[in-house]
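Fold and geometry: a report
Given next are the chains, with one letter for each unit.
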Amino acid sequence: MTLAARLWADNSDVVAEVLAHPFVRGIGDGSLDRRKFAGYLAQDAFYLESFARAYAFGLARSTDTETLLTFAELLNGVREELKLHSSYAAAWDIDMAGVQPADATLTYCEFLLATAATADVAVICAAMTPCMRLYAHIGTTLNPDTAGPYADWVRTYADPEFDEVAAVLENLLDRLGEDSPAIRSAYRRAMRLELAFFDSAWRA
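Not measured: the values here are computed from a predicted model. All residue numbers refer to position in the chain's written sequence, counted from 1. Totals for whole chains, interfaces and linings use all residues, but because this is a predicted model, local features are given only for residues with pLDDT of at least 70 and pairs of side-chain atoms are given and counted only at 80 or more. Neither water nor hydrogens contribute to the side-chain values; these are computed over all heavy atoms in the structure.

**A word on the layout of surface pockets**
Each cavity reported here is a set of points on a 1 Å grid over the protein atoms alone in which a 1.4 Å probe fits but cannot get out, each pocket an open set with protein on both sides within 12 Å along at least five of seven lines, and each lining residue one with an atom within 4 Å of a point. Grid points are joined across faces, edges and corners, and a volume is the space filled by probe spheres set on the points. Put simply, the largest pocket is a space of about 290 Å³. The wall of the largest pocket is formed by 14 residues, among which Gly77, Glu80, Glu81, Glu161 and Phe162 lie closest to the centre. At the level of elements, helix H5 (65-92), helix H8 (151-158) and helix H9 (160-176) are the ones that each hand at least two residues to the lining of the largest pocket. Looking at which element gives the most residues to the lining of the largest pocket, the answer is H5, with six residues. Side-chain classes are defined by residue name, with Ala, Val, Leu, Ile, Met, Phe, Trp, Tyr, Cys and Pro counting as nonpolar, Asp, Glu, Lys and Arg as charged, and the others, Gly among them, as polar. Partitioning the lining of the largest pocket into residue classes produces eight nonpolar, two polar and four charged. The way it works is that DSSP assigns letters per residue, a run of H or I at least four long becomes a helix, a run of E at least two long becomes a strand, and they are numbered from the N terminus.

**Quick notes on the side chain of glutamine 43**
Tracing the backbone through its elements, the reader meets glutamine 43 in helix H4 (residues 34-60). By the criterion applied in these results, polar contacts are pairs of N or O atoms within 3.5 Å in which, for protein atoms, one can donate a hydrogen and the other can accept it, and in which residues neighboring in sequence qualify only through two side-chain atoms. Of the polar contacts made by the side chain of glutamine 43, one reaches the backbone oxygen of glutamine 100; its length is 2.9 Å. Residues within four places of glutamine 43 in sequence aside, it is in contact with Val99, Gln100, Pro101, Ala102, Thr105 and Phe197. The contact definition used throughout considers only heavy atoms, calling two residues in contact when any of these lie within 4.5 Å.

**Description of the packing of helix H2 (residues 12-20) against helix H7 (residues 121-141)**
For any two helices packed against each other, one specifies the inter-axial angle together with the distance between the axes. Only the contacting stretch of a helix is used when fitting its axis, a line to C-alpha atoms as for every element, and angles between N-to-C directions run 0 to 180 degrees. The contact between H2 and H7 brings their axes to 11 Å, and the two run at 50°. One finds that H2 runs oblique with respect to H7. Here H2 runs over H7; the crossing is right-handed. Residue-level contacts link Val15, Val18 and Leu19 of H2 to Leu134, His137, Ile138 and Thr141 of H7. Its residues assigned to classes, the contact of H2 with H7 shows five nonpolar, two polar and no charged. Geometric relationships in this document are graded by angle, where less than 35 degrees denotes roughly parallel, more than 145 denotes roughly antiparallel, 65 to 115 denotes roughly perpendicular, and other angles denote oblique. Here a crossing is called left-handed whenever its near helix is offset anticlockwise from the far helix by less than a right angle, and right-handed whenever the offset is clockwise.

**Observations regarding the nonpolar core**
Counting residues in each nonpolar core, the largest one holds 72 residues, and the members touching the most others are Tyr40, Phe51 and Trp153. A per-element tally of this core places H7 first, with 14 residues. Non-local contacts of tryptophan 153, meaning those with residues more than four positions away in its chain, are made with Ile27, Phe37, Tyr40, Tyr88, Tyr135, Ile138 and Leu142. Residue types Ala, Val, Leu, Ile, Met, Phe, Trp, Tyr and Cys, when buried and joined through side-chain atoms within 4.5 Å, form a set referred to as a nonpolar core. Note on classification: 1.4 Å probe, protein chains only; a residue is buried when its accessible area is under 20% of the maximum for its type, exposed when over 50%, partly exposed between these limits.

Spelled out as structure tokens, the structure:
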């Protein structure tokens, strides 16, 4: 089993909590309050900018050409996701300008940027992989046919192309990392922060 696969399996308890959370279940059955979803999108767009900066740290600190080009590819993927958020904002009449980040959003962003600024590249990958793999898993677990107004969101993350991007980051983690306390801690912390992010959107 690869390192990324082991980490995913060892955090299956958090994955189960995410899938059982009323926010995610509300997306899956289309019952989620539209205001909560709109607030979540605004927070997620704010978060994605920090996610992109963390990729940029990884790119800048790469020690070989293959890793540098991989981070550049991943950074481009965030650009496409931000474009998606912009289209949602237009369709749902959401004002993305001047978003005030929630505490959970700030905590997650601070964790990513602190890790990217101080840890080695493998640990950066470990801190960023859960977001990508978890969203791909949510997308393929939920059913767009029952998601009502959130069907397009589900299809976006169920798209095989999104899974492929998640796999690129996992492959980078497998190539650069080893099973260590630092890697495990970063991965687990990111998983718990993902859960807190959904919980914050639900309680908003």
